[in-house]
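Structural overview
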Amino acid sequence: MKKKMMYLLLLLSIVSFPFSSLADTPKLEGPYLVTTCGQSPGAVMVRMSALQAGVQAEHNNTLSASDLSGKDVKTLIVTTGTSMKGMGAAGTNVDKEIARCSELIAAAKSAGIVVVGAHVEGMARRTDSSDEASIEAVMKDADVLLVIDDSDSDGFFTEYARKHEKPLIKIKDALAIGPVLK
Amino acid sequence: MDMLTINSVVMILYYFITTFFLLAMVRNFIVTRDVQEALLYAVVMIPFVLRLLRLK
Amino acid sequence: MNIRTAKLIILLFAGSCAAIAGSLFKEHMEYKEAVVASPFLSEVRKLSDYSDAVKGSVNDANVYIFNGPTPGGTVVLLGGTHPEEPVANLSAQIFTENVHPVQGRVIVINRINTSASMATRMGEAYPRFYHISTPWGVKKWRYGDRLATPLHSWPDPEVYVHYPSGQNLAYMDVRNANRTWPGRHDGLLCERTNYALMELIRKEKADIVMDFHEAELEYAVENTIVVHEKGQSVAAMASMMLTSQTFDVPIGMEFSPKALHGLSHREVGDHSDAVSYLVEVAEPMLDRIRGITDEELLMSGKDRFVMKAGEYKLLYSPIDESGWPVEKRTARHVATLMTILQVNNMLAPEKTIILEGIPDYREITENGLGAFFQNPDEAPQERVFYD
Ligand SMILES: [Zn+2]
């Protein structure tokens, strides 16, 4: 009996493993559009990492809902975590950023575009209330979460994905973004 | 007159002010009959002397 | 004891205090740092060769120029902007003493604000010197302040109005060589210094300018590359590569704010064709919360008070028992510049700069810094200079 149970468990784990990983890491498809919610360089990093993997990802830090019309886009990636220097440079603030991105995400969804909420700059972009606000605003509407190990070092995103039943793509670091976009 | 010249003039004036206060302290040091006060004046004079010698 | 005897004793006591302090300050101020330029040195110029704005001033620095045999890009390295950040001038000097340009050119200034390295910050009990042991003996550098000394630039204005933006900055920042870019010809010492540096950058047609710094762990802009928008792709790629492949503590990236004036990452990019980068690394010595302030802390970067602040999540950089040793800090800066060049060579091949002879991250952290400084007593004298 015990042996049978063991086999069953083993079988289950073998069978369920590919399924669960399939559910957890959906295949992302281009063409990609990248922006940032908080003017941190995360979006530039996504573009450069994609470029290195041979994938084109169009990048615009001030992308708005109206920019989507007439564009052939399958996936919109919005990076989260804020930069005071960046927002200062762009003459914006976290509330304006969230308003822009919420509108953008709503428009993308109604156009059938997959929305990826990303956090790719590690714990350095999880320090203050602005970071938290941008993460919450984007992640709640995202179809998929994309984070690097360092960003999830306290398990925040794993827990968030589990609680909100969203698929989570977790990668080692920002250089590993490109390969998952292939 | 350029900015550096004006600044140099003001700087020289500062050295005169420093000298003035140093001399005032020297005078107080000489006239005081109180040992504690004399010690205080002597110690306070140190940074003024170092500034006049352009050491700090 | 009568009052006259007491006064005589007091005067002797105060006088010897002043004499000891004065001679220590004088020794600090007059100490010259030996630099043995690499055998690939093309020439050494003075900053005043580019503009008379600094002629005759203490900030008329040595400019070390290394031309490679094949034309390519030009990189300018600025060390010693803030002499209380020793890794800035050490990183620059690693290049001065070891670089072998195979393609393109390197121009290094080990200390752009010499005045600030001639006295330490008042009231902070900083050590005057720091030392690094090498295979041939101990090498010594001046430790300094963030600002040019008031002996060379005084008085400060009530409010420092930045030229040419007109932005109001704190009064003492007129002596801060990273608040006076792009400088002005007839301004105060640091404005003149930065003006001459801008002239150098323009006349030498620099493509990349790197300004080395260190920062306290309590400061939000930490372990990061701050970049002018012209260099965002290169900096993003470099930060990802270094974080992924080289560093244990990640290096981030920040855009240079457009509205914050006087800083190299903004003004150098705006007022020349060069792309400006500034890099920061953690220096626990600069934290307000630090414990005993001595050379040991400066070099080892170990401090239990700063660690305690970390436990309470008050810091923007990790720190543990191993601290932030000077080797690791310098290795990060050297590796960051080399990676930026590597990425830049890919994205702008017409501006290729290939440097050999520069130790990598591993070599510096494992062998220490001493291995990369040459003995000025044994080196050919035409390659020995003093900063
Ligand atoms: Zn600095």
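Everything that follows concerns the structure shown earlier in this document.
Before going into details, it helps to say that this report is about the structure given with it. (Residues numbered from 1 in each chain as written. Chains lettered and ligands numbered in written order. Predicted model: local features only at pLDDT ≥ 70, side-chain atom pairs only at ≥ 80, totals over all residues. Heavy atoms only, no water.)

A word on the overall build of chain A. Looking only at helices and strands, chain A has 7 helices and 6 strands in total. In chain A, the succession of helices and strands from N to C terminus is α-β-α-β-β-α-α-β-α-β-α-β-α. Residues classed as buried in chain A amount to 48% of the 182 residues present. Taking as baseline every contact in chain A between residues at least 6 positions apart, the subset at least 24 positions apart corresponds to 77%. Here chain A has roughly 8800 Å² of accessible surface; of this, 60% comes from carbon and sulfur atoms. (Helix = DSSP H or I, 4+ residues; strand = E, 2+ residues; numbered from the N terminus. Buried < 20%, exposed > 50% of the residue type's maximum accessible area, 1.4 Å probe, protein only. Contact = heavy atoms within 4.5 Å. Areas by Shrake-Rupley, 256 points an atom, 1.4 Å probe, with all protein chains shown as cover.)

Here we take up the overall build of chain C. Looking only at helices and strands, chain C has 9 helices and 15 strands in total. For 387 residues, the compact-globule formula gives about 21 Å, and the C-alpha radius of gyration of chain C, at 21 Å, lands near that figure. Across its three principal directions, the C-alpha atoms of chain C cover 85 × 50 × 50 Å. Burial analysis of chain C (387 residues in total) assigns 63% to the buried set. (Rg over C-alpha atoms; globule rule 2.2 N^0.38 Å.)

Residue-level contacts link 23 residues of chain A with 21 residues of chain C. Buried surface at the junction of chain A and chain C, both sides included, amounts to about 1800 Å², of which 68% is carbon and sulfur. It is Met48(A), Lys85(A) and Leu175(A) that lose the most area in chain A upon contact with chain C, and together they represent 37% of the buried surface on that side. The tally of links between chain A and chain C comes to 1 salt bridge. The partner of Arg125(A) in a salt bridge is Glu254(C), with the nearest N and O atoms 2.8 Å apart. There are 6 residue pairs in polar contact (both at pLDDT 80 or more) connecting chain A and chain C. Counting only elements with at least two residues in the side of chain A that touches chain C, the list comes to helix H2 (42–52) and helix H3 (84–90) of chain A. (Buried area = accessible area lost by both parts, 1.4 Å probe. Salt bridge = Lys/Arg side-chain N within 4 Å of Asp/Glu carboxyl O. Polar contact = N/O pair within 3.5 Å; in protein donor to acceptor, adjacent residues only side chain to side chain.)

Moving on, we come to unusual backbone geometry. Residue and element names in this part refer to chain C. Between Trp154 and Pro155 the backbone carries a cis peptide bond, its omega angle lying at 0 degrees. For Pro155, the location among the structural elements is in the loop between strand E7 (137–142) and strand E8 (160–161). Its identity as a non-glycine residue notwithstanding, Asn223 has a phi of 50 degrees, on the positive side. Along the polypeptide, Asn223 turns up in the loop between strand E10 (208–212) and strand E11 (224–227).

With that settled, the discussion passes to the coordination of the zinc ion. Angles between donor atoms at a metal ideally measure 109.5 degrees for a four-coordinate tetrahedral arrangement and either 90 or 180 degrees for a six-coordinate octahedral one. Residue and element names in this part refer to chain C. Looking at the zinc ion, one finds its protein donor set to be His82 (ND1), Glu85 (OE), Glu85 (OE) and His213 (ND1), positioned 2.1 to 2.3 Å from the metal centre. Counting the intervening residues between successive donors of the zinc ion yields the motif H-x2-E-x127-H. Here the residue His82 occupies a position in the loop between strand E4 (70–78) and helix H2 (86–98), and His213 occupies one in the loop between E10 and E11, the gap between them amounting to 131 residues. By the burial criterion, His82 is buried, and His213 matches it. (Donors = N, O, S within 2.8 Å, 3.2 Å for Na, K, Ca; no water.)

We now examine the arrangement of the chains. The pair of protein chains exhibiting the most contacts, out of 2 pairs of chains in contact, is chains B and C. Across all C-alpha pairs, the smallest distance from chain A to chain B is 32 Å, and the two are not in contact.

Taken together, the 4 bridges between strand E5 (residues 144–148) of chain A and strand E6 (residues 168–171) of chain A define a ladder with parallel strand orientation. Bridge pairing links Val147(A) to Lys170(A) in E6(A). (Pairing = 2+ DSSP bridges.)

All quantities given are derived from atomic positions and should not be read as evidence of function.
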